[in-house]
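Below, each chain spelled out in residue letters.
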Amino acid sequence: MSDKMLKFVKVNQQTPEKREVKKRVDDFKEIYDEFINEKAKEQSSRCSQCGVPFCQIHCPLHNNIPDWLKLAAEGRLQEASELAHSTNNMPEVCGRICPQDRLCEGNCVIERSGHGTVTIGSIEKYITDTAWEKGWIKPFKISKEINQSVGIIGAGPAGLACAEELRKLGYKIVIYDRYDRAGGLLIYGIPNFKLEKFVVERRTNLLKKSGIEFKQNIEIGKEISLETLKQKHDAVLIATGVYKPREVDLPGNNLKNIFPAMEFLTASNRKGLGDKVKNFDNGDLNTQNKDVIVIGGGDTAMDCVRTAIRQNAKSVKCLYRRDRENMPGSAREVYNAEEEGVKFIWLSNPKKFIGKEKVSSAIVEKMKLSEPDESGRKKPLPIQNSDFEMKVDMVIKALGFDPENLPKLFNNPNLIVTKWGTIKVNLKTMETNIPGVFAAGDIIRGASLVVWAIRDGREAALSIQKYLQNKKLNKIKAA
Ligand SMILES: Cc1cc2nc3c(=O)[nH]c(=O)nc-3n(C[C@H](O)[C@H](O)[C@H](O)COP(=O)(O)OP(=O)(O)OC[C@H]3O[C@@H](n4cnc5c(N)ncnc54)[C@H](O)[C@@H]3O)c2cc1C
Ligand code: SF4
């Protein structure tokens, strides 16, 4: 065992500095500073190098965390980066936005023993950002081109991870996406203060330079059918994510200035990328000087409230029908939002929106939580005669997402979906009921996490490789 490790008793836990609140709400830049080299080394050295690393078990990618922490503690950053990349296609993205408190860090043995977790995410980010800076991450060289091609629908993390794994093996890859930029929710959903866009763009550029073809602005189902893609390619992956916003069916829902979260976040991200956005430029999707309420308690709601603050809203309130302990969003993000001036109105639910043309107020009722039901979850119940009125200029609905109706969109009623509308796959092979058509990411799981999308993409790549090898063998046998 290197004498550089097991320092958790002497060295306290430290995360990179968070930028001062007053400064960070004035821009959309990421809120954490980078570790300096010595700090990253020191923090890596806190790892106890467990025989059974629970961090690794609870990382969906089973990243070899103890080994890359040891390499980082020894200053061997290039090797650490190579090891990190051997299981993860975007370590710097996961290091920034994984909910580590629920995954690797939440299961760190040192955390459990009361010493404070090793700051795995920040170190993963540091290792990979350094690798980019030093030019260690290069387009991959293909040793042998294979004359089979895969069409991938969706340039989000699931599609990109699958594309990279298959391209490395020599397959020809074409990614089709209906957006004008690659990255999926990494580019148009998640705001810059969590993930700056150059981080996503340098990844997609790397894939382009490695020979992957990107066809943007093409919606499968409209411009090209799934059937055509199947004929054009030897295998197809559906990695389209979930985009249908969940709705609230309330009186006044049709009033102006009530928006779904993705419309608001996409407009803001597009502005950050320098695009002209009509609905933002005319003031509609801009929260400046407005009293804003965001409905919802997940990470999308947290991204909306913090975006609204940065656009200089007059006030930003988050309405959530359960309490802080029972909200789905990350505790870290709630804390960041509160620091930045967001007010949370726990146990509250909008009942009605009021206004002439535009929304001007909301009637909100107070809620209480029931005893836990069979699922173990406490149900929110309205408190009689508890209504109150809130003045509001803009409402953002962040109630989650469902899958679009893909069998209809793809004009392929044979594509089997689950009762939730997600695509049904054989979980061992990621193959759908249509031979040669695979699926990965949110479209099979429902709204989830980037790290799970990457894992699905990698697993789909392994199965697609097997499928293509068999296809080739069968052709040879038949000839
Ligand atoms: C606001 C927000 C914040 C989030 N924050 C976090 C976070 O902090 N941490 C985290 O881990 N996860 C977060 N997530 C979840 C995460 O972004 C998703 O789980 C992940 O992006 C799913 O990846 P995917 O590749 O399956 O789908 P997506 O990223 O949604 O990509 C799907 C792609 O498919 C394309 N597409 C869809 N239909 C078609 C079609 N018919 N033809 C062509 N192209 C099509 C879309 O344009 C898109 O580019 C957040 C999600 C949202 C909405
Ligand atoms: S990918 Fe996510 S869960 Fe895995 S080690 Fe990195 S931050 Fe932790």
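Residues numbered from 1 in each chain as written. Chains lettered and ligands numbered in written order. Predicted model: local features only at pLDDT ≥ 70, side-chain atom pairs only at ≥ 80, totals over all residues.

**Q** Can you help me understand the nonpolar core in this one?
**A** For soluble globular proteins, nonpolar side chains are generally found buried alongside one another. Ranked by internal contacts, the top residues of the largest apolar core, which has 90 residues, are Ala-72, Cys-162, Leu-237, Ala-439, Ala-440 and Ile-464. Here this core spans two domains, and each of domain 1 (7–133) and domain 2 (149–242 + 403–478) adds at least three residues to it. Discounting chain neighbours no more than four positions away, the residues touching Ile-464 are Val-150, Leu-166, Ala-235, Leu-237 and Phe-438. Within the second largest apolar cluster, 36 residues are counted, among which are Ala-313, Cys-318, Ala-337 and Ala-362. (Core = buried A, V, L, I, M, F, W, Y, C linked by C-beta atoms within 7 Å. Buried ≥ 20, exposed ≤ 12 C-beta atoms within 10 Å, placed from the backbone. Domains from an automatic or database assignment. Contact = placed C-beta atoms within 7 Å.)

**Q** Please clarify how the site of ligand 1 should be interpreted in this entry.
**A** Among the 37 residues in the neighbourhood of ligand 1, the closest are listed as Gly-154, Gly-156, Gly-184, Gly-241 and Gly-441. When contributions to the shell around ligand 1 are tallied by element, the ones reaching two or more residues are helix H9 (157–169), helix H15 (299–310), helix H18 (442–445) and helix H19 (450–478). Its residues assigned to classes, the shell around ligand 1 comprises 19 nonpolar, 11 polar and 7 charged. For the shell around ligand 1, the two domains that each supply at least three residues are domain 2 (149–242 + 403–478) and domain 3 (275–400). (Near = placed C-beta within 6 Å. Helix = DSSP H or I, 4+ residues; strand = E, 2+ residues; numbered from the N terminus. Nonpolar A, V, L, I, M, F, W, Y, C, P; charged D, E, K, R; others polar.)

**Q** How do you make sense of the sheet that holds strand E16 (residues 437–439) when you look at a structure like this?
**A** To summarise the sheet geometry, strands pair through backbone hydrogen bonds and adopt either a parallel or an antiparallel arrangement. An order of E3-E2-E1-E4-E16 is seen for the 5 strands of this open sheet, with the pairing classed as parallel. Strand pairing shows two members of the sheet lacking a second neighbour, strand E3 (213–215) and E16, which therefore form its edges. Taken pair by pair, the neighbouring strands of this sheet meet at an average axis angle of 20°, ignoring direction. Bridging between strand E2 (residues 172–176) and E3 involves 3 bridges; their strand directions are parallel. By the bridge assignment for E3, Tyr-176 is matched with Lys-215. Contacting strand E1 (149–153), strand E4 (235–238) and E16, H19 runs over the sheet at an angle of about 165° to E4. (Pairing = 2+ DSSP bridges. Axes fitted to C-alpha atoms, helices over the stretch in contact; angles between N-to-C directions.)

**Q** I'm lost on unusual backbone geometry in this one. Help?
**A** Both trends apply: most residues other than glycine have a negative phi, and most peptide bonds are in trans. In this structure, Asn-385 is a non-glycine residue whose phi angle is positive, near 55°. Notably, Asn-411 is not glycine yet its phi reads approximately 50°, a positive angle. Position of Asn-411 among the secondary structure elements: in the loop between helix H17 (406–409) and E16. A residue is classified by how many C-beta atoms lie within 10 Å of it, and Asn-411, with 12 of them, is exposed.

**Q** Is there a simple way to think about the domain arrangement of the protein chain in this case?
**A** When the parts come together, some accessible area is lost, and that loss is often what is quoted as the size of the interface. Here the protein chain is described as being made up of domain 1 (7–133), domain 2 (149–242 + 403–478) and domain 3 (275–400). Here the C-alpha centroids of domain 1 and domain 2 sit 29 Å apart. In terms of residue count, helix H6 (residues 91–97) provides more of the side of domain 1 that touches domain 2 than any other element does, 5 residues in total. Grouping the constituent residues of the side of domain 1 that touches domain 2 by class yields 10 nonpolar, 2 polar and 4 charged.

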